[in-house]
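Remarks on the overall topology
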Amino acid sequence: MSCLLSSPPIPTLSSLQTQNPNPTKEEWLYTSLKSPKTPTQLKTLHAQIIKTGLTQNDLVFGQLFLCCSISNTMNYARHLFDKLHHPKLFFYNAMIKGYSLNDFHQDALTLYTLMRYRSVTCDSFTFPVVLRSASTLGKIHIGKELHGLVLKMGCAERLIVQTAFIDMYCACGLSSYGRLVFDKIVDKDVICWNTMIAGYIKCGEYGYAKEVFELMPVRNVSSWNTIVDMYCKCGDMEMARKLFEDMPEKDVISWNALISGYAKIGESGEMRRLFDEMPRKNVVSWNVMITCYVHNRQFLEALELFRVMQVSDVKPNEVTVVAVLPVCAHLGALDLGKWVHAYIDRNRVKIDVYVNTALIDMYGKCGSVEDAKRVFNNARVKDTFLCSTMIEVLGTHGKAKEAFTIFSYMRSTGIKPNDVTFVGLLKACSHVGLVDAGVKYFFMMSEEFRLMPKVEHFGCMVDLLGRAGHIEEAHELIKSMPMDPHPIVWGALLSACRIHGNVKLAEEVALRLIELEPQSCGNYVLLSNIYSKAGRWDEAANLRRKMKEKGVVKKPGCSSIAVNNVVNEFFAGDRAHSRSKEIYKKLDEIVTRLKTEGYAPCTSSALHDVDMDEKEQALLHHSEKLAVAFGLISTDHKTPIRIVKNLRVCDDCHLFLKMISKYYNRQMIVRDCNRFHHFRDGSCSCSDFW
DNA sequence: GTAGGGTTAG
């Protein structure tokens, strides 16, 4: 839908008249076809071409194909193409070029094969385009065949064709073949040299790249940029910096290359200095910066830069929003995410499969499955990533059946699942306890799709079996794993033991885990909770002493809630918020109210070795309780409260939230570190199973 | 020919 919005309208006759007072119908149509169109507009234009009798006019009709390609509607172009009885070479070229520009390289190659089968002779316009597709897909046999053909046809001397061969061979990993072509060329231009250098870099042969660079008789900015980027890619920033300083002239790409070099090694300080210093910035400069901040988990810096970018003279594009959306996802800031989505529509940012994937992930992680589904259904291009993301979202929200439907969709449309797809499916099964389905998918992976289960898949299976109470089977599965079980796998077994009260095995597993990752607090906390629940206070105390000795600090619980686009963070017992007084007052009121309804704090969740009263206090000031209290005083009663927590929700908070949803008649959506809880009318979507 | 992008087990 947003694609419809993003197409500029067809220019009217009057708007063109300012440049050309009397355009002919032909000129008018040709000009119209220069900018992207919606499918409806394309149909209208096609009808006009037929009406005007211009179907024989290669220039106008060919432009229609090219217009389809810039409008992302290659299906329509193909529909028109298939109606032609004997398509001319010109139309094959236009179609292949269209496919290639839209990155449908397989379609480009298939059409090329059809063309050969129909004995249509290619020309020098066909070769570079087909070569590009062949090299992108690494189809060396097509590349070689083309090479033979070109030699036979005698158009091998064209520099552009030669250059395309160098590129193709190098992209297929055969730099020595590329070098043979390169060496035979008599009048090499600078593009040819640059392609050879880039080819060596693609093959990881940096030494040769440098050698060719030094041999160049004339270098342009691109040559320097390529070589500077090469040093950045290897992380040799010293050399990159030296070359950058030596460059006779620099353009924005030179600066971007260097900045992204610092970004890659995480030196955000030096990156920022250069960014502030550069004379002119383009959209890539901003994107490199924002992406780097996101990767370094400097989310607030990323958002701030995105804000500054909007008042700069550079417009954000699809790459920018793909960088920013994960920030919303991470913060669970639904309103902010929705704002970015609206921004995309309002500013006609191109919506491609990356943007859609990021949107689905954002909506999923912000708790709005409905919005995620809407984006999925409207997505014109669906690929493995997009579908896997949708499956993952449905799974974490406990909608296993719908996740299976997406998987069936993938199978019926030929979208190949990958290992991540199966992680999503297995997770979906384990959240709702569908053991049989999980086992089915686990075996399907290798038997039907030739994907070997990785440690992640074993982790999911242990979780699935363990949660459903098949603890022994889960344990057996770990023992039978072909690889070393990652601590996460043992962790899955441990939490199963916790749910099903298997103290004996829990102890064994937890001690092993503590040995494996002595600095991770979670294992101590889990085991200590298990001891406390079993009334083994001494051992719980012992464990805490051990923790202290090893200098392990308990990761503080932190919950965040976004109100009016401001993210409010709360730590347990935190009094830093500006409305702290009101929040604690509200919390007192809630507790008093819920106690009259039968709420009794379940103190076994508290780790502290203190008396009952203090234990209760610590419990009552858990971060999610503070966040909920804040939500209740700062939003109206119809607004669902959305909270993101960094740890797992404890038993007590879970009960507390269920009761609030009933007695305060409030919907609450809580994302903990591994799933969603939708609280409503006194119950939770996880069925107390988490 | 050169800079920037999406999913992943406790």
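Residues numbered from 1 in each chain as written. Chains lettered and ligands numbered in written order. Predicted model: local features only at pLDDT ≥ 70, side-chain atom pairs only at ≥ 80, totals over all residues. Heavy atoms only, no water.

When you go through chain A residue by residue, the secondary structure sums to 38 helices and six strands. Across its three principal axes, chain A shows a C-alpha extent of roughly 90 × 60 × 55 Å. Taking the intrachain contacts of chain A between residues at least 6 apart in sequence as the baseline, contacts between residues at least 24 apart amount to 60%. A total of about 32,900 Å² of accessible surface is found on chain A, and carbon and sulfur atoms cover 54% of it. Across chain A, the mean location of the 84 positive side-chain charges is 5 Å away from that of the 75 negative side-chain charges. (Helix = DSSP H or I, 4+ residues; strand = E, 2+ residues; numbered from the N terminus. Contact = heavy atoms within 4.5 Å. Areas by Shrake-Rupley, 256 points an atom, 1.4 Å probe, with all protein chains shown as cover. Lys, Arg positive; Asp, Glu negative; His and termini not counted. Charge placed at Lys NZ, Arg CZ, Asp CG, Glu CD.)

Turning our eyes to something else, we now look at the packing of helix H32 (residues 503-516) against helix H33 (residues 521-533). Viewed as axis vectors pointing N to C, H32 and H33 meet at an angle of 155 degrees, and their least axial separation amounts to 10 Å. One element, H32, and the other, H33, form an angle in the roughly antiparallel class. Along this stretch, H32 crosses H33, giving a crossing that reads as left-handed. Every residue of H33 that contacts H32 at Val503, Ala506, Glu507, Ala510, Leu511, Leu513 and Ile514 is listed here: Asn523, Tyr524, Leu527, Ile530 and Tyr531. Counted by class, the contact of H32 with H33 contains ten nonpolar, one polar and one charged residues. (Axes fitted to C-alpha atoms, helices over the stretch in contact; angles between N-to-C directions. Parallel < 35°, antiparallel > 145°, perpendicular 65-115°, else oblique. Left-handed = near helix turned anticlockwise from the far one by under 90°. Nonpolar A, V, L, I, M, F, W, Y, C, P; charged D, E, K, R; others polar.)

This next bit is on the pattern of salt bridges. Following the criterion strictly, the structure yields 29 salt bridges and no others. Note that Arg273 and Glu270 form a salt bridge whose closest N and O atoms lie 2.6 Å from each other. Residue Arg273 and its partner Glu270 are both found in helix H18 (residues 268-277); the two are separated by three residues, about one turn of the helix. Here Arg411 makes a salt bridge to Glu448, at a shortest N to O gap of 2.1 Å. Here the residue Arg411 occupies a position in helix H26 (residues 400-413), and Glu448 occupies one in helix H28 (residues 435-449), the gap between them amounting to 37 residues. Assessed through its relative accessible area of 39%, Arg411 is described here as partly exposed. (Salt bridge = Lys/Arg side-chain N within 4 Å of Asp/Glu carboxyl O. Buried < 20%, exposed > 50% of the residue type's maximum accessible area, 1.4 Å probe, protein only.)

Next up on the list: the pairing of strand S2 (residues 566-571). Alignment of strand S1 (residues 558-563) against S2, held across six bridges, turns out to be antiparallel. Across the sheet, Ile561 pairs through a bridge with Asn568, a residue of S2. Hairpin connection of S1 to S2: two residues between the antiparallel strands, including Asn564 at a positive phi of 50 degrees. (Pairing = 2+ DSSP bridges.)

Turning to its location among the elements, Ser223 is positioned in helix H15 (residues 221-233). Classification of Ser223 by relative accessible area gives buried; the value is 0%. At 2.9 Å, the side chain of Ser223 forms a polar contact with the side chain of Asn194. Not counting the four nearest positions on each side in its chain, Ser223 is found in contact with Val190, Asn194, Phe213 and Met216. (Polar contact = N/O pair within 3.5 Å; in protein donor to acceptor, adjacent residues only side chain to side chain.)

Because the α-helix completes a turn every 3.6 residues, residues three or four places apart line up on one side. For helix H10 (residues 140-153), which comprises 14 residues, the first-to-last C-alpha distance of 20 Å matches the rise-based estimate of 20 Å (1.5 Å per residue) to within 8%. Buried residues along H10 sit against helix H8 (105-117), helix H9 (126-137), helix H11 (159-171) and helix H12 (175-184). Positive backbone phi, approximately 75 degrees, marks Gly154, located one or two places after H10. (Expected span 1.5 Å × (residues − 1).)

For DNA strand B, the set of nearby residues contains 50 residues, the closest of which are Ser222, Asn317, Thr357, Phe385 and Ser495. What you see for DNA strand B is that sugar and phosphate hold 39% of its atoms within 4 Å of the protein. In this structure, Asn317 approaches DNA strand B through a side-chain N or O atom, which is 2.3 Å from a base nitrogen. With respect to DNA strand B, the side chain of Lys427 contributes an N or O atom lying 3.4 Å from a phosphate oxygen. Within the surface near DNA strand B, the residues separate by chemical class into 16 nonpolar, 21 polar and 13 charged. (Near = heavy atom within 4 Å.)

The final tally for this structure, using the stated rule, is 26 aromatic pairs. Plain terms: the ring middles of Tyr169 and Tyr177 are 5.3 Å apart, the flat faces sit at 50 degrees to each other, and that makes the pair tilted. Classification of Tyr169 by relative accessible area gives buried; the value is 4%. Measuring from centroid to centroid gives 5.8 Å for Phe422 and Phe449, while their planes differ by 55 degrees, and the two rings are tilted. In this pair, Phe422 is assigned in helix H27 (residues 419-432) and Phe449 in helix H28, connecting sequence segments 27 residues apart. A residue is classified by how much of its surface remains accessible, and Phe449, at 23% relative accessible area, is partly exposed. A connected cluster of aromatic rings, assembled from ring pairs, spans Phe61, Phe65, Phe81, Phe90, Phe91 and Tyr92. (Phe/Tyr/Trp six-rings, centres within 6.5 Å; stacked < 30°, edge-to-face > 60°.)

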